[in-house]
Amino acid sequence: MAFISDGDPLAHARHRGWIEFGSSILSDLLGFETAKYATTYEATPGADRQVWPRRSRTGDGPFFAGEAFSLVDAVFAPIFRYFDVFDTIAPTGVFDALHRVTAWRKALAQRPSVGEAITDDYADRLKGFPKEP
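Residues numbered from 1 in each chain as written. Predicted model: local features only at pLDDT ≥ 70, side-chain atom pairs only at ≥ 80, totals over all residues. Heavy atoms only, no water.

Q: For the overall build of the protein chain, give the residues involved together with the corresponding values.
A: Each helix and strand in the protein chain was counted, giving six helices and zero strands. In the protein chain, the succession of α and β elements from N to C terminus is α-α-α-α-α-α. The proportion of buried residues among the 133 residues of the protein chain is 38%. Here the analysis covers contacts within the protein chain between residues at least 6 apart in sequence; of these, 68% occur between residues at least 24 apart. Only carbon and sulfur atoms are counted for the fraction: they give 55% of the accessible area of the protein chain, which is about 8000 Å². (Helix = DSSP H or I, 4+ residues; strand = E, 2+ residues; numbered from the N terminus. Buried < 20%, exposed > 50% of the residue type's maximum accessible area, 1.4 Å probe, protein only. Contact = heavy atoms within 4.5 Å. Areas by Shrake-Rupley, 256 points an atom, 1.4 Å probe, with all protein chains shown as cover.)

Q: Please set out the packing of aromatic side chains residue by residue, giving values where relevant.
A: A complete count under the given rule lists 14 aromatic pairs for this structure. Note on W18 and W104: the rings are 5.6 Å apart at their centroids and 80 degrees apart in plane angle, and the pair reads as edge-to-face. Here W104 lies in helix α4 (residues 99-110) and W18 lies in helix α1 (residues 9-33), a separation of 86 residues in the sequence. Taking the relative accessible area as the measure of exposure, W18 reaches 3% and is therefore buried. A relative accessible area of 0% places W104 in the buried class. For the pair F64 and W104, a centre-to-centre distance of 5.5 Å together with 50 degrees between the ring planes defines the contact as tilted. (Phe/Tyr/Trp six-rings, centres within 6.5 Å; stacked < 30°, edge-to-face > 60°.)

Q: Before we move on, can you summarise the nonpolar core with the specific residues and values?
A: Most often, soluble globular proteins have nonpolar side chains that are buried together. Ranked by size, the top nonpolar core spans 27 residues in total, and within it F76 and W104 carry the most contacts. At nine residues, the largest contribution of residues to this core is made by helix α3 (residues 71-89). (Core = buried A, V, L, I, M, F, W, Y, C linked by side-chain atoms within 4.5 Å.)

Q: Run through the environment of A103, naming residues and quoting values.
A: With respect to the element layout, A103 can be found in helix α4. A C-alpha to C-alpha distance of 8.7 Å links A103 and F63, two positions 40 residues apart in sequence.

Q: Residues and numbers for the pattern of salt bridges, please.
A: What the rule picks out here adds up to four salt bridges. A salt bridge links R105 to D87, with the nearest nitrogen and oxygen atoms 3.3 Å apart. With R105 in helix α4 and D87 in helix α3, the pair connects residues that are 18 residues apart, well separated along the chain. Through salt bridges with shared partners, a single ionic network connects D84, D87 and R105. (Salt bridge = Lys/Arg side-chain N within 4 Å of Asp/Glu carboxyl O.)

Q: Can you lay out α3 for me, pointing to particular residues and giving the numbers?
A: Along an α-helix, residues three or four positions apart point the same way, because every turn accommodates 3.6 residues. In this model α3 runs 29 Å from its N-terminal to its C-terminal C-alpha over 19 residues, within 8% of the 27 Å that 1.5 Å per residue would give. Of all the bends found along α3, the most pronounced is centred on A77 and spans about 25 degrees, while P78, a proline, follows it within four residues. If you check which residues of α3 are buried, you get V72, D73, V75, F76, A77, I79, F80, R81, F83, V85 and F86. (Expected span 1.5 Å × (residues − 1). Bend = angle between axes of the 7 residues up to and from the residue.)

Any functional reading would require information beyond the geometric quantities listed.
Printed below as a string of structure tokens:
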């Protein structure tokens, strides 16, 4: 796994910003998943279609910063996995026009360590959480 920026302060700041962005999405995903109203859903950082285009990946490779899997990739793999499941319930359209993000998302999904991090019934479990009492 590549560490942040290998000594480049600007790249380090960019990676750190993406990690913070990803952390905010992860902390809000429960609200996103359990949203009963469109306004709750749309207020989630990850669902904001205006935020993603302002955040462009830095590398030309399959992962965030190029060929090497990085900490940013480790943060975003589960985020994209959540959206994979959400899109089977109702298409979110969050990534529709974001071709570089879509390619990154697909590359992460194909990485063995990302795929092996979940059980085969992951999507069913996520769809069933939280269960109503």
